[in-house]
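Chain by chain, the residues run as shown.
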Amino acid sequence: MAKDMKHIDIEEIQKLGWDELIPGAALFSFREPVEDVVEVPMEERPYAPTNSHEWQVGDWRVEKPVYNRDLCIDCQFCWVFCPDMSILSRDKKMIGVIYEHCKGCGICVEVCPTNPKSLLMFPEHMDNDEALKRWPQKEEKKKD
Amino acid sequence: MVKKIKNLKEFSLSNDRFEGANLMCPGCSHNIIVREVLNATNDPVIVATATGCLEVCTAVYPKTSWDVSWIHIGFENAAVAAATVSAAYEVMKRKGKLPPATQKMVDEGREPKIVAFAGDGGTYDIGFQSLSGAFERGHNFMYVCLDNEVYANTGGQRSSSTPIGASTTTSPAGSVSYGEKMQKKSMVEIMADHGAPYVAQVSPSKWKDLVKKVQKGFEVYGPVYINAQSACTTEWKHAPEDTIEVSDLGVESCVWPLYEIINERDEHGIIYSTKLNITYRPKKKIPVEEYLAAQPRFRHLFKPENRHIIDLWQKAVDARWEYLQRREEAGV
């Protein structure tokens, strides 16, 4: 972090008009310098308010993906193909969905290989426990 | 240092350096490609981004989605920004003037990687002269083209990457026209002919192939060009959840063949061997029709009067696949 750069609070920025800028202001990803970002997991990073991680786009969604731990085989297809970094995976295990960042595109459900799927789209207003109760049963393979 | 990625579970241990809650469309391939590229290495990365979807959606004032050093530059000069960073880094390294934190990483064998991201508009059309110049000078950086075959950020105008028959806002399909009239230009060969040591074509749906190629590109010294297929839900008009499926159809039908071209050069920059490898061969080549049918931008081609364009597509794709196979066989 260069010394002559000013760290600006998000409240200060929000008071400004759309065409106003604070000269010398820099928007940093982190509140304090992080030596090696790759080593620090998302939960432990000192995010600055100007990092988009602190914001949310969850209200774009109409349907949300619900995760069923009992069926999951931890293949991580949902993790690698999620465009919004919303699949939380730690120690090779899938933990859950970050609903603040999920835009509800449904890719994770499409790529899920289990039968029945361990991720399914449910209406946004439905409770996750309610969704888990309504989970479909295993589909028999169609014989051609 | 090459990051060891044996399988997807190992890959999932990576900590993302690209943050969520950016404003890209739901189901956008750009994000998937950027993630896979950044996660392919543990070394520090410096990113230069040309104007385009990726830039306007990940850096909306006062927010940033990047946890790596990031430069936004004009539409036409992402390659120059990356080349300049690369040249400056080399001078600072030679003179011993690197910042202590960077110097420490370099001592550990973790050289910073310099990557430029640009869309197909910023690569095929507007950014071509600066890209060509940077490749000719031979700077050490990687250029990733996020090829969604249209100017998606400005409302879907045709670019020179748009394939024949696609309906865009400046080449609309209707009773008179079947859409875009020109064939897509082959950027991979153009960049390989610049004498770049490593040039490859990738698709986000084949993540391992992509990561391997990116790692190979980071290892070689010199300009590296990666052409990445980026299915666009907004302009290809498919449903957001079908992004991976559409990308897969492109690969399986050989519309988007996955291959690499390696130019081996001596110390004077003279190429003594060129080799083309096809890195993924579909087990069963599916007809192009299936790829076209998955995207409503080609819907009008299925009308009886436009059927000849589909035949043309199939012919062009078959000829290209044949060409690639022959080149691989001949080892040139």
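Values in this document were obtained by computation on a predicted structure and should not be read as measured data.

The rules we used
Residues numbered from 1 in each chain as written. Chains lettered and ligands numbered in written order. Predicted model: local features only at pLDDT ≥ 70, side-chain atom pairs only at ≥ 80, totals over all residues. Heavy atoms only, no water. Helix = DSSP H or I, 4+ residues; strand = E, 2+ residues; numbered from the N terminus. Buried < 20%, exposed > 50% of the residue type's maximum accessible area, 1.4 Å probe, protein only. Contact = heavy atoms within 4.5 Å. Areas by Shrake-Rupley, 256 points an atom, 1.4 Å probe, with all protein chains shown as cover. Lys, Arg positive; Asp, Glu negative; His and termini not counted. Charge placed at Lys NZ, Arg CZ, Asp CG, Glu CD. Right-handed = clockwise from strand over helix to strand, strands pointing away. Buried area = accessible area lost by both parts, 1.4 Å probe. Salt bridge = Lys/Arg side-chain N within 4 Å of Asp/Glu carboxyl O. Polar contact = N/O pair within 3.5 Å; in protein donor to acceptor, adjacent residues only side chain to side chain. Nonpolar A, V, L, I, M, F, W, Y, C, P; charged D, E, K, R; others polar. Core = buried A, V, L, I, M, F, W, Y, C linked by side-chain atoms within 4.5 Å. Domains from an automatic or database assignment. pLDDT = per-residue confidence, 0-100.

Peer 1: For this particular structure, what's the right way to read the overall build of chain A?
Peer 2: When helices and strands are tallied, chain A shows four helices and six strands. Starting at the N terminus and ending at the C terminus, chain A contains elements arranged as β-α-β-β-α-β-β-α-β-α. Here chain A, with 144 residues, has 47% of them falling under the buried criterion. Contacts in chain A between residues at least 24 apart in sequence constitute 51% of all its contacts with a sequence separation of at least 6.

Peer 1: Can you help me understand the overall build of chain B in this one?
Peer 2: When its secondary structure is counted, chain B shows 12 helices and eight strands. Referenced to the eigenvectors of the C-alpha coordinate spread, the extents of chain B come out at roughly 70 × 50 × 40 Å. Counting only residues that meet the buried cut, chain B has 57% of its 332 residues in that class. Across chain B, contacts joining residues at least 24 apart in sequence account for 69% of those joining residues at least 6 apart. Of the accessible surface of chain B, which amounts to about 13,200 Å², a share of 56% is contributed by carbon and sulfur atoms. Where the 39 positive side-chain charges of chain B centre and where its 40 negative ones centre are 2 Å apart.

Peer 1: What is the right way to look at the environment of Gly96(B) in this model?
Peer 2: Looking at where Gly96(B) falls in the secondary structure, it is placed in the loop between α4 (78-95) and α5 (100-107). The spacing of Gly96(B) and Pro257(B) is 161 residues in sequence and 44 Å in space, taken between C-alpha atoms.

Peer 1: What exactly am I supposed to notice about the pairing of strand β5 (residues 198-202) of chain B here?
Peer 2: All names here are of chain B. Burial within β5 is extensive, with five of its five residues counted as buried. Alternating positions in β5 separate into two faces, Tyr-198, Ala-200 and Val-202 on one and Val-199 and Gln-201 on the other, with burial throughout. Where the polypeptide runs from β5 across helix α9 (residues 207-219) and back to strand β6 (residues 224-229), its parallel neighbour, the crossover connection is right-handed.

Peer 1: Hey, could you run me through the interface of chain B and chain A in this one?
Peer 2: It is common to report an interface's size as the accessible area lost on association of the parts. Listed as interface residues are 46 residues of chain B and, on the opposing side, 48 residues of chain A. Between chain B and chain A, a total of about 3,900 Å² is buried, with carbon and sulfur atoms accounting for 61% of that surface. Interface area lost by chain B to chain A is led by Asn15(B), Arg35(B) and Tyr61(B), which between them contribute 16%. Taking the shortest distance from any N to any O, the salt bridge between Glu19(B) and Arg45(A) comes out at 3.0 Å. At the boundary of chain B and chain A, one finds 19 residue pairs in polar contact (both at pLDDT 80 or more). Contributions of two or more residues to the side of chain B that touches chain A are made by α1 (8-11), α2 (29-39), α5 and α10 (243-252) of chain B. Here the side of chain B that touches chain A is built from residues that sort into 19 nonpolar, 13 polar and 14 charged.

Peer 1: When you look at unusual backbone geometry in this model, what are you seeing that I'm missing?
Peer 2: Most of the time, phi is negative for any residue but glycine, and the peptide bond is trans. Residues and elements named next belong to chain A. Residue Pro-116 is reached from Asn-115 by a cis peptide bond, and omega for that bond is -5°. Along the polypeptide, Pro-116 turns up in the loop between α3 (107-111) and β6 (119-123). Non-glycine residue Gln-76 carries a positive phi angle of around 70°. Mapping Gln-76 onto the fold places it in the loop between β3 (63-67) and α2 (77-81). Taking the relative accessible area as the measure of exposure, Gln-76 reaches 2% and is therefore buried. Look at Met-85: it is not a glycine, yet its phi comes out positive at around 50°. Judged by its relative accessible area of 3%, Met-85 falls in the buried class.

Peer 1: Mind showing me how you'd approach the nonpolar core here?
Peer 2: Taken as a class, soluble globular proteins show a tendency for nonpolar side chains to be buried jointly. Residue and element names in this part refer to chain B. Core analysis: the biggest nonpolar cluster contains 59 residues, and Trp-66, Phe-117 and Val-144 have the highest contact counts within it. Ignoring any residue separated from it by four or fewer positions in sequence, one finds Phe-117 in contact with Val-34, Val-37, Val-47, Ala-48, Thr-49, Ala-50, Leu-54, Trp-66, Ala-78, Val-144 and Leu-146. Counting 53 residues, the second largest nonpolar core, distinct from the first, contains Ala-83, Ala-116, Val-150 and Val-199.

Peer 1: Would you take a moment to explain the pattern of salt bridges for this structure?
Peer 2: Oppositely charged side chains can form a pair if their charged atoms are brought close together. According to the stated counting rule, one finds 28 salt bridges over all chains in the structure shown. Where Glu328(B) meets Arg281(B), a salt bridge forms, and the shortest distance between an N and an O atom there is 2.3 Å. Taken together, the residues span a long stretch of sequence, with Glu328(B) in helix α12 (residues 307-330) and Arg281(B) in the loop between β8 (271-278) and α11 (288-293) at a distance of 47 residues. Here the residues in one salt-bridge network are Asp36(A), Asp43(B), Glu108(B), Arg110(B) and Lys113(B), joined through shared partners.

Peer 1: Any chance you could explain the domain arrangement of chain A here in plain terms?
Peer 2: Residues and elements named next belong to chain A. Domain boundaries in chain A define domain 1 (6-54) and domain 2 (58-133). Using only C-alpha atoms to locate each centre, domain 1 and domain 2 end up separated by 29 Å. Contact with domain 1, which involves five residues of that partner, is made by five residues of domain 2. Taking both partners together, domain 1 and domain 2 bury about 330 Å²; carbon and sulfur atoms supply 54% of that area. Broken down residue by residue, the surface that domain 1 buries against domain 2 is led by Met-42, Glu-43 and His-53, which jointly contribute 87%. Our count for the domain 1 to domain 2 interface comes out at one salt bridge. Residues Arg-90 and Glu-43 are paired through a salt bridge, measuring 2.7 Å at the closest nitrogen-oxygen approach. Inspection of the domain 1/domain 2 interface yields two residue pairs in polar contact (both at pLDDT 80 or more).

Peer 1: I would appreciate a short explanation of the confidence of the model for chain B in the present structure.
Peer 2: Parts of the prediction with low pLDDT should not have their coordinates interpreted in detail. In the predicted model, chain B carries a mean pLDDT of 94, and the fraction of residues at 70 or more is 100%. Considering each helix and strand of chain B separately, the mean pLDDT is smallest for α5(B), with a value of 90, and largest for β5(B), with 97.

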